[in-house]
Amino acid sequence: MNFSEYLKNNIVYLDGGMGTLLQAGGLKPGEHPEKWNISHPEIITDIHKSYFSSGSNVVCTNTFGANSLKFSDDELEEIIKSAINNAKKAKELSDSTKEKFIALDIGPTGKLLKPLGDLDFEDAVNVFSKTVKLGVKYGVDLVLIETMNDSYETKAALLAVKENCGLPVLVSNAYNEDGKLMTGASPAAMVALLEGMGATAIGANCSLGPKQLTKVAEELLENASVPVLLKPNAGLPEVNNGKTRFNVTPEEFSGEVTELIKKGLRVVGGCCGTTPEHIKALTEKSKNLKPLKITNKNLTVVSSYTKAVKFLNSPILIGERINPTGKKRFKQALIENDIAYILNEGVNQQEKGVHILDVNVGLPDINEIEILKKTVEELQSVIDLPLQIDTADVVAMENALRIYNGKALINSVNGKKESMNAIFPLVKKYGGVVVALTLDENGIPETAEGRVEIAKNILSVAKEYGIEKNNIIFDTLAMTISADQNAANETLKALNIIKNQLGCHTSLGVSNVSFGLPNRDVLNSVFFALALENGLSGAIMNPYSDEMMKTYYTFKALKGLDDNCQEYVNVAANFSSTVIDTNKTATQVTENSSELQYAVIKGFKEKASEITKELLKTKAPLQIVNGEIIPALNEVGIGFENKTIYLPQLLMSAESAKSAFEVIKEFMSGSEKTKSKGTFVIATVHGDIHDIGKNIVKLLLENYGFDVIDLGKDVLPEVVVKTVIETKAKLVGLSALMTTTVPAMEETIKLLKSQAPWCKVVVGGAVLTQEYADKIGADKYAKDAMETVRFAENELNINN
């Protein structure tokens, strides 16, 4: 029986932790666990065998950190070959009568992808592809992608698997205490992305214990139509006699996970700190449970890197303004490669309340393939709304879908065979909800019945590609009534039938109905209301139109879709007869911050640089720094601490501030200097190559005026101490992601305390807690980058 067949009707038990067991077996601080596949195969084999004997159906190869960024190609192949052979040997030696499978274990690269970091998306795909190919070559049964804390890197890993093998792939992310990934994605957003791309099962692992991950598991179960997995830690880590221990017993662990199996979990196991005893207790406690049936949630949902937008009862607004049709200034921006103008359009529409942004850059005078890709990359770096990728160029569509960080709305496919053959494979590969236009080789039918027949055919062909109707939204094509006075009636009739008889969601480009007529807003808003009453799910519309927004909010209030009419009350006072001048930038319609502050807050790097150059003509550099840049950073920092904004926004804001600082530094040219707040030495500890957290802290500290000495990753304790002594640094930051490298952190701290006692040490990383930090002698545990900044400022008695 293969894994997919077994998964259909059984609860699947994965194995538990590897790192703490290797430490118990003698793994030294700084040693690479993956190399033990070659140097200590008997220990690795014995661990795998003990998990099989404890009831695991699946053991994961000791390859969590095995990738081409860490090892040479030859070394990587030898590690993966040995790891798989060790697992196979354990499978043969185990006397368990259960079905047994071997999963290729793939962890994160330890780098952030561009634009937040320096790793290109395609380079990430290539890194994961090398590992996947070797796993297939040496005979694994499935792939487990785990402990991913960024949706973009998760997509790169899953894409690598799907493009290089046909094996089942389980995908698991590491969620924080707030129930989101480090870069902000909710469980619902990750389900949308991963299920859309064809993951076999979706889940959560690491970071927290089963009790703390319960809400994450429940949200996954609420949204997923595929099996859900959970691999919690055995609680929180503690250090005893230099060894890492976790505080949730096998009995507690098994009880909490079993309760979640009763709620629908299909795949379960353990992560950091769990042992064969934890897995044995879990299999024993849940052995009489029958797996709950996995139900198709039939959700029509798109997503960004943080949020999922579901098409339910309340209408969805799709902002239409990033489109050159009829927009002279936008055409000019495309031709001049004025990305700042495009970003302003996006931010303006987001602030007006749209849920999705349409992105269309089709213009004969430009390279649409390159510009669409760049526009999507830039928009998703500063805006967390899902995007509708709108193009008739199939190559441009695929390039944009490939790098899109989420599940896109795809505009569009139609009933022509050529169109369906080109677009449906893209929908299947990259995931997405596709807008289907009710036209075919014979054009647009005049009657509603003709358009409905095309819709039925599109549904039939889509099913052949494995695309269900919940991932199709029909556009029944609003035609101008100036050419046909009955056009609106047929559009609305078709819309009603498709929504209420075929059970599909619908979309319209509302403003098309009034083309060629005066006072278009009046016609558009009434047509919008009629369409909503006939079942319109999503409207591509102008959010700057007061008439359209009045219709939207009053419809929701009248249909009982606005609790206590709160939305209507909030916006009613702002309704006026004027329309926003779309030539204004977002900064000009914002009252509570200056232009530069707004550019920094929103992450507009080019704009921040340009504004700073202008400000330097009338203001002193320090006045700009202290009066504009630092207040903006503080506002973003507070938002980050309060969980109203997430890491990508924090980093893009920091990058914008950095661009402003660069202008100021150049202007000062060695004359007036900004005083450094102090020297801060930072490093990822010996044996650990994950430097995401370190790099984030570095960027923020530099923006707040600290001189940061970045020693990089996999840094020996002696190197840290030597640097601190030479620079007389008063602060050191140490980062570690893996349990196996925390002893190296403890060793570094001990050396610092003995040889540089004046220096304060702040630590951070996924496996750390305040109690853990106290036990290894750290002066501060910082749960995120902003907390490190606050600590540094307080220690050096700096007040802004």
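A quick note: this is a predicted structure, and the numbers were derived from the prediction, not measured.

### Concerning the overall build of the protein
Thinking step 1. Within the protein, the regular secondary structure consists of 30 helices and 25 strands.
Thinking step 2. If you take every contact in the protein between residues at least 6 apart in sequence, the share linking residues at least 24 apart comes to 76%.
Thinking step 3. Once the 85 positive and 100 negative side-chain charges of the protein are each reduced to a mean point, those two points are 3 Å apart.

### Brief notes about the pattern of salt bridges
Thinking step 1. As enumerated under the stated definition, the model contains 37 salt bridges in all.
Thinking step 2. As a salt-bridge pair, R402 and E122 come within 2.5 Å of each other at their nearest N and O atoms. Residue R402 is located in helix α15 (residues 394-403), and its partner E122 is located in helix α6 (residues 121-137); the two are separated by 280 residues in the primary sequence.
Thinking step 3. One salt bridge connects K463 with E468, and the closest N-O pair in it is separated by 3.1 Å.
Thinking step 4. Residue K463 is classed as exposed on the basis of its relative accessible area, which comes to 52%.
Thinking step 5. Among the residues examined, E468 registers a relative accessible area of 35% and is labelled partly exposed.

### Points about the packing of aromatic side chains
Thinking step 1. One pass over the full model with this rule turns up 6 aromatic pairs.
Thinking step 2. Judged by centre distance (5.5 Å) and plane angle (85°), the rings of F3 and F101 are edge-to-face. Highlighted residues: F3 in helix α1 (residues 3-9) and F101 in strand β3 (residues 101-106), separated in sequence by 98 residues.
Thinking step 3. Judged by relative accessible area, which is 2%, F3 ranks as buried.
Thinking step 4. With 5.9 Å between their ring centres and 50° between their planes, Y6 and F101 make a pair best called tilted. Pair noted here: Y6 is in helix α1 and F101 is in strand β3, with a separation of 95 residues, a long-range link.

### Considerations on unusual backbone geometry
Thinking step 1. Cis peptide bonds are those with omega within 30 degrees of zero, and the linkage from K114 to P115 qualifies with 5°.
Thinking step 2. Of note, the amide linkage connecting N411 to S412 takes the cis form, showing an omega dihedral of 20°.
Thinking step 3. Considering the arrangement of structural elements, one finds S412 in strand β16 (residues 409-414).
Thinking step 4. A positive phi is found at N564, a non-glycine position, where the angle reads about 55°.
Thinking step 5. Checked against the element boundaries, N564 lands in the loop between α20 (546-558) and α21 (566-572).
Thinking step 6. If you check the backbone angles, K728 has positive phi at about 55° while not being a glycine.
Thinking step 7. Considering the arrangement of structural elements, one finds K728 in the loop between α27 (717-727) and β23 (731-735).
Thinking step 8. The exposure class of K728 is exposed, given its relative accessible area of 56%.

### Some words on the sheet that holds strand β25 (residues 780-781)
Thinking step 1. Ordered by their spatial adjacency, 5 strands build an open sheet running β22-β21-β23-β24-β25, and the pairing between neighbours is parallel. Of all the strands in the sheet, just β22 (707-710) and β25 have a single pairing partner and so form its edges.
Thinking step 2. Examined bridge by bridge, strand β21 (residues 679-684) and β23 share 5 bridges and lie parallel to one another. By the bridge assignment for β23, I682 is matched with G733.
Thinking step 3. Lying on the sheet, helix α30 (residues 785-795) is in contact with β21, β23, β24 (760-764) and β25; it crosses β24 at an angle near 170°.

### Remarks on the confidence of the model for the protein
Thinking step 1. When pLDDT is averaged along the protein, the result is 93; 96% of the residues meet or exceed 70.
Thinking step 2. When the criterion is pLDDT under 50, residues 577-592 qualifies, and its contacts beyond four places in sequence or with other chains add up to 30 contacts.

### Some words on the pairing of strand β15 (residues 387-390)
Thinking step 1. Side chains L387 and I389 of β15 all project onto a buried face; the interleaved residues Q388 and D390 project onto the opposite face, where all are buried too.
Thinking step 2. As for the winding sense of the linkage, the β-α-β connection from strand β14 (residues 356-359) through helix α14 (residues 368-382) to β15 is right-handed.
Thinking step 3. A crossover connection joins β15 to the parallel β16 through α15; in handedness this β-α-β unit is right-handed.

### Regarding the side chain of S419
Thinking step 1. Residue placement: S419 occurs in helix α16 (residues 417-430).
Thinking step 2. With a relative accessible area of 14%, S419 lands in the buried category.
Thinking step 3. When neighbours within four sequence positions are excluded, S419 is seen to be in contact with V413 and N414.

### Quick word on the environment of I682
Thinking step 1. Looking at the secondary structure, you find I682 in strand β21.
Thinking step 2. In sequence terms I682 and G712 are 30 residues apart; their C-alpha atoms lie 7.6 Å from each other.
Thinking step 3. Residues within four places of I682 in sequence aside, it is in contact with K694, V697, K698, V708, I709, D710, L711, G712 and G733.

### Looking at helix α28 (residues 742-755)
Thinking step 1. The terminal C-alpha atoms of α28, which comprises 14 residues, lie 20 Å apart, in line with the 20 Å expected from a rise of 1.5 Å per residue.
Thinking step 2. All of the buried residues along α28 are V742, P743, A744, M745, E746, T748, I749 and L752.

### Topic: the sheet that holds β15
Picture the strands of a sheet paired through backbone hydrogen bonds; they go either parallel or antiparallel.
Thinking step 1. Strands sit in the order β13-β14-β15-β16-β17-β18-β19-β20 around a closed barrel of 8 strands; the barrel is parallel. Sheet twist, expressed as the average angle between the axes of neighbouring strands with direction ignored, equals 30°.
Thinking step 2. Taken together, the 5 bridges between β16 and strand β17 (residues 433-437) define a ladder with parallel strand orientation. Note on β17: the bridge partner recorded for L409 is V433.
Thinking step 3. Running at roughly 160° to strand β19 (residues 505-509), helix α18 (residues 487-500) makes contact with β18 (472-475) and β19 of the sheet.

### So, the packing of helix α22 (residues 595-602) against helix α25 (residues 647-668)
Thinking step 1. The N-to-C vectors of α22 and α25 enclose an angle of 135°; their axes lie 6 Å apart at closest approach. On the basis of their axis angle, the class for α22 and α25 is oblique. Taking contact as the criterion, the partners of L596, A599, V600 and I601 in α22 are, on α25, S653, S656, A657 and A660.
Thinking step 2. A class-by-class count of the residues in the contact of α22 with α25 yields 6 nonpolar, 2 polar and no charged.

### Section: the environment of T183
Thinking step 1. Checked against the element boundaries, T183 lands in the loop between β5 (169-173) and α8 (187-197).
Thinking step 2. With relative accessibility at 1%, the residue T183 sits in the buried group.
Thinking step 3. Those residues in contact with T183, other than ones at most four positions away along the chain, are L112, L116, N149, D150, S151, Y305, T306, Y646, L647 and P648.

### As for the side chain of N149
Thinking step 1. Position of N149 relative to the elements: it lies in the loop between β4 (142-148) and α7 (151-164).
Thinking step 2. Under the relative-accessibility criterion, N149 is labelled buried at 17%.

### Side note on the pairing of β4
Thinking step 1. A large share of β4 lies buried, amounting to 7 of its 7 residues.
Thinking step 2. Judged from the 4 bridges that link them, β3 and β4 form a sheet pairing that is parallel. Opposite L104, over in β4, you have V143 as the bridge partner.
Thinking step 3. Taking the sense of rotation as the criterion, the β-α-β connection linking β3, α6 and β4 turns out right-handed.
Thinking step 4. As paired strands, β4 and β5 are joined by 4 bridges and run parallel to one another.

### Let's talk about a nonpolar patch on the surface
Thinking step 1. Residues V522, V526 and L530 make up a contiguous nonpolar surface patch of about 250 Å² in total accessible area.
Thinking step 2. Relative accessible area serves as the criterion here: at 44%, L530 is assigned to the partly exposed category.

Rules used throughout
- Residues numbered from 1 in each chain as written.
- Predicted model: local features only at pLDDT ≥ 70, side-chain atom pairs only at ≥ 80, totals over all residues.
- Heavy atoms only, no water.
- Helix = DSSP H or I, 4+ residues; strand = E, 2+ residues; numbered from the N terminus.
- Contact = heavy atoms within 4.5 Å.
- Lys, Arg positive; Asp, Glu negative; His and termini not counted.
- Charge placed at Lys NZ, Arg CZ, Asp CG, Glu CD.
- Salt bridge = Lys/Arg side-chain N within 4 Å of Asp/Glu carboxyl O.
- Buried < 20%, exposed > 50% of the residue type's maximum accessible area, 1.4 Å probe, protein only.
- Phe/Tyr/Trp six-rings, centres within 6.5 Å; stacked < 30°, edge-to-face > 60°.
- Pairing = 2+ DSSP bridges.
- Axes fitted to C-alpha atoms, helices over the stretch in contact; angles between N-to-C directions.
- pLDDT = per-residue confidence, 0-100.
- Right-handed = clockwise from strand over helix to strand, strands pointing away.
- Expected span 1.5 Å × (residues − 1).
- Parallel < 35°, antiparallel > 145°, perpendicular 65-115°, else oblique.
- Nonpolar A, V, L, I, M, F, W, Y, C, P; charged D, E, K, R; others polar.
- Patch = residues over 30% accessible without salt bridge, like charges linked within 9 Å, V, L, I, M, F, W, Y side chains within 5 Å.
- Areas by Shrake-Rupley, 256 points an atom, 1.4 Å probe, with all protein chains shown as cover.

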